[in-house]
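Chains, contacts and geometry: an overview
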Amino acid sequence: MMKKLLKMNEIEELGEFFPEYHIGKLGEYLFINTGSSVLLQAHFDTVASLKVDVIENNGILRNKHGVLGADDRAGIYAILKLLPYNPSILITDGEESGGWGMRCFTEDIDKSELKNVNICLALDRQGVGEYVVYNDIPEKVHNYVKSFGFHREHGTFSDCSIFTDHYGIPSVNLSVGYHKQHTANEYLVMDELELTINRVKKMLLNPITKRHNVKKKKYDWYDLKSYGSKRIYYDNNYGFCDICRSYGDLEKVDDYNVCEYCKRLI
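Summarised in this report is the structure supplied together with it. Since this is a predicted model, take the numbers as computed values, not measurements.

Criteria and cut-off values
Residues numbered from 1 in each chain as written. Predicted model: local features only at pLDDT ≥ 70, side-chain atom pairs only at ≥ 80, totals over all residues. Heavy atoms only, no water. Helix = DSSP H or I, 4+ residues; strand = E, 2+ residues; numbered from the N terminus. Buried < 20%, exposed > 50% of the residue type's maximum accessible area, 1.4 Å probe, protein only. Contact = heavy atoms within 4.5 Å. Areas by Shrake-Rupley, 256 points an atom, 1.4 Å probe, with all protein chains shown as cover. Lys, Arg positive; Asp, Glu negative; His and termini not counted. Salt bridge = Lys/Arg side-chain N within 4 Å of Asp/Glu carboxyl O. Polar contact = N/O pair within 3.5 Å; in protein donor to acceptor, adjacent residues only side chain to side chain. Core = buried A, V, L, I, M, F, W, Y, C linked by side-chain atoms within 4.5 Å. Phe/Tyr/Trp six-rings, centres within 6.5 Å; stacked < 30°, edge-to-face > 60°. Lys NZ or Arg CZ within 6 Å of the ring centre and 35° of its normal. Pairing = 2+ DSSP bridges.

**Focus on the overall build of the protein chain**
- Within the protein chain one finds 7 helices and 17 strands.
- Residues counted as buried form 54% of the 266 residues belonging to the protein chain.
- When contacts within the protein chain are restricted to residue pairs at least 6 apart in sequence, long-range pairs at least 24 apart make up 69% of them.
- Accessible surface, the protein chain: about 12,600 Å² in total, of which carbon and sulfur atoms supply 44%.

Next comes the structure, spelled out in structure tokens:
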């Protein structure tokens, strides 16, 4: 199943694994609400258009052609292995491009639809046994996660932070066994991934019993727009480039909001 996931091109292809699911109208996310107090989250997109020819040696997977894409197909694999424990599920697109899939999800899905969720476990972190937070979550949540064998590290960005900012629901990002992500030397250690799957299984069987709400950051500069087949967010000078989809400073050229590089293409 892992090799099949690594070769997928469109988030809609995941539908074969789920009998019922809700997908964003432009494929920005896949969402299943089971009423569970635990939401498992991962992202579908990778940093490269993949030509995948998987090489496996002693449970370690690499791509003969470069970037493997285990960031974050490994997280999706973990979710599929945990389906028997009936978690709610959110798989987003566009995490590597500033989290536009998660931003679309927060626009579409009302807080009332997540009233039963006490924690979001984002399965999207390098290495093994680590967890990262991107919001100021309560100490009781830290202690809960640590009780299952995870130790805290530091990261740069994950779209679960957008989820927590919007809904006030604590999220933590858990290791799923990939290493050297975003490079041609990326590899996935299946034993490390299975270790996290087993720990998350225990978390699903022993969920945190109360939602410890997180105070939201205030964002007053997002404005939901649309361009082509993808929805994007930007204010006057910052957001997603209409041409290359990179995230950063923009300049208005004709009818386009473009980055410095793409400005030369117009």
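**Some thoughts on the side chain of R103**
- Along the chain, R103 turns up in helix α3 (residues 100–108).
- Although buried, R103 forms no salt bridge, and the nearest oppositely charged side chain, D165, lies 7.0 Å from it.
- A polar atom in the side chain of R103 sits 2.9 Å from the backbone oxygen of G98.

**Here we look at the environment of G99**
- Along the polypeptide, G99 turns up in the loop between β6 (88–92) and α3.
- Taking the C-alpha atoms as reference points, G99 and C160, 61 residues apart in sequence, are found 8.7 Å from one another.

**Quick word on the nonpolar core**
- Ranked by size, the top nonpolar core spans 51 residues in total, and within it L14, I91, L174, L188 and L193 carry the most contacts.
- Top element by residues in this core is helix α2 (residues 70–81). It accounts for 7 residues.
- Ignoring anything within four residues of it in the chain, the contact list for I91 reads I11, L14, F18, Y29, L30, A42, H43, F44, I76 and I79.
- Counting 14 residues, the second-largest nonpolar core is a separate cluster that includes Y29, M102, V117 and Y167.

**Overview of the packing of aromatic side chains**
- The final tally for this structure, using the stated rule, is 5 aromatic pairs.
- On the numbers, 5.2 Å between centres and 85° between planes, the contact of Y29 with F105 is edge-to-face. With Y29 in strand β2 (residues 29–32) and F105 in helix α3, this residue pair connects regions lying 76 residues apart in the sequence.
- Take Y29: its relative accessible area is 1%, and that puts it in the buried class.
- A residue is classified by how much of its surface remains accessible, and F105, at 0% relative accessible area, is buried.
- What links up through ring pairs into an aromatic cluster is the set Y29, F31, F105, F163 and Y167.
- Cation over ring: R62 sits above Y187, and NZ or CZ is 4.9 Å from the ring centre.

**Points about the pairing of strand β10 (residues 171–179)**
- Counting buried positions along β10 yields 9 of 9 residues, so the element is predominantly enclosed.
- Bridge count for strand β8 (residues 130–132) against β10 is 2 bridges, and the pairing is antiparallel. For V132, the partnering residue across the bridge sits in β10 and is N173.

**So, the side chain of D45**
- Its place among the elements puts D45 in the loop between β3 (38–43) and β4 (54–57).
- Although buried, D45 forms no salt bridge, and the nearest oppositely charged side chain, R73, lies 7.5 Å from it.
- Of the polar contacts made by the side chain of D45, one reaches the backbone nitrogen of E96; its length is 2.8 Å.
- Not counting residues up to four positions away in its chain, the partners in contact with D45 are D71, D72, T92, D93, G94, E95, E96 and S97.

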